[in-house]
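Here is what each chain is made of, one letter per residue.
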Amino acid sequence: DEALRALDSSCDSALPAQKQMCAGRRFSLLLGAKRVPDALKVGEEILRAPANLKQPAGIAWTIANVIPGDPDALAFALRAAQQSDRALKGRDPMVGAILARVQWLSGHRSEAAETARRALAVTDSPDLRNALREDLRVYAPAAKDAGLSGKPGQK
């Protein structure tokens, strides 16, 4: 509660560009305090008017890392990650990686593998490429060569 009061005080005097980050910080504080219903209410506000197209995926990632076993939070995280993925037309590999992780945690195993393959195909970051390959080893152990390189003809 003290951290929320301090955040409110800071946000009251923040410049407009800084105020956009207040909801995300409030969400993270509430989630960290395991006040999931309150965090999800703030999350719904973020989904209605995100600060940017990636913010919904960011809050989905926070859920996946802080409370990966909470079914209500995972359902929300799935919607949030899907919102970012749709808004970015499936072309942002980091958002795709987040969506795949949330799909996996939500029990959507085949969708997680498909999403991770798609993200791998559009990434140009060696670090993200390696992370997605590792994820695919978990999501789709039988997929030896299918989509693991992200580039045709490579393994």
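Residues numbered from 1 in each chain as written. Predicted model: local features only at pLDDT ≥ 70, side-chain atom pairs only at ≥ 80, totals over all residues. Heavy atoms only, no water.

Peer 1: Outline the confidence of the model for the protein chain, supporting the account with residue identities and numerical values.
Peer 2: Averaged over every residue, the pLDDT of the protein chain is 87; the share at 70 or more is 87%. pLDDT under 50 marks residues 142–155. Its contacts with residues more than four places away, or in other chains, come to 18 contacts. (pLDDT = per-residue confidence, 0-100. Contact = heavy atoms within 4.5 Å.)

Peer 1: Tell me about helix α5 (residues 55–66), and name the residues and values.
Peer 2: Between its terminal C-alpha atoms α5 stretches 16 Å, which fits the 16 Å expected from 12 residues at 1.5 Å a residue. Among all positions of α5, only Gln 55, Pro 56, Ala 57, Ile 59, Ala 60, Thr 62, Ile 63 and Ala 64 are buried. For α5, the secondary structure elements touched by its buried residues are α3 (22–32), α4 (36–48), α6 (71–87) and α7 (93–105). (Helix = DSSP H or I, 4+ residues; strand = E, 2+ residues; numbered from the N terminus. Expected span 1.5 Å × (residues − 1). Buried < 20%, exposed > 50% of the residue type's maximum accessible area, 1.4 Å probe, protein only.)

Peer 1: Lay out the packing of aromatic side chains in plain terms, naming residues and giving numbers.
Peer 2: Scanning the model with the defined rule gives 2 aromatic pairs in all. Seen from their ring centres, Phe 27 and Phe 76 are 6.3 Å apart, and the 35° between their planes marks the pair as tilted. Here Phe 27 is found in helix α3, whereas its partner Phe 76 is found in helix α6, with 49 residues between them in sequence. Residue Phe 76 is classed as buried on the basis of its relative accessible area, which comes to 3%. Judged by centre distance (5.2 Å) and plane angle (35°), the ring pair of Trp 104 and Tyr 139 falls under tilted. Note that Trp 104 is positioned in helix α7 and Tyr 139 in helix α9 (residues 126–139), a separation of 35 residues in sequence. Taken individually, Trp 104 and Tyr 139 each receive the classification buried, so the pair is uniform in this respect. (Phe/Tyr/Trp six-rings, centres within 6.5 Å; stacked < 30°, edge-to-face > 60°.)

Peer 1: Please provide a residue-by-residue account of the environment of Arg 118, values included.
Peer 2: As for its position among the elements, Arg 118 is in helix α8 (residues 109–122). Under the relative-accessibility criterion, Arg 118 is labelled partly exposed at 30%. Each C-alpha atom of the pair Arg 118 and Asp 92 lies 9.6 Å from the other, and the pair is 26 residues apart in sequence. Other than its neighbours up to four places away in sequence, Arg 118 contacts Asp 85, Gly 90 and Leu 99. A polar atom in the side chain of Arg 118 sits 2.9 Å from the side chain of Asp 85. (Polar contact = N/O pair within 3.5 Å; in protein donor to acceptor, adjacent residues only side chain to side chain.)

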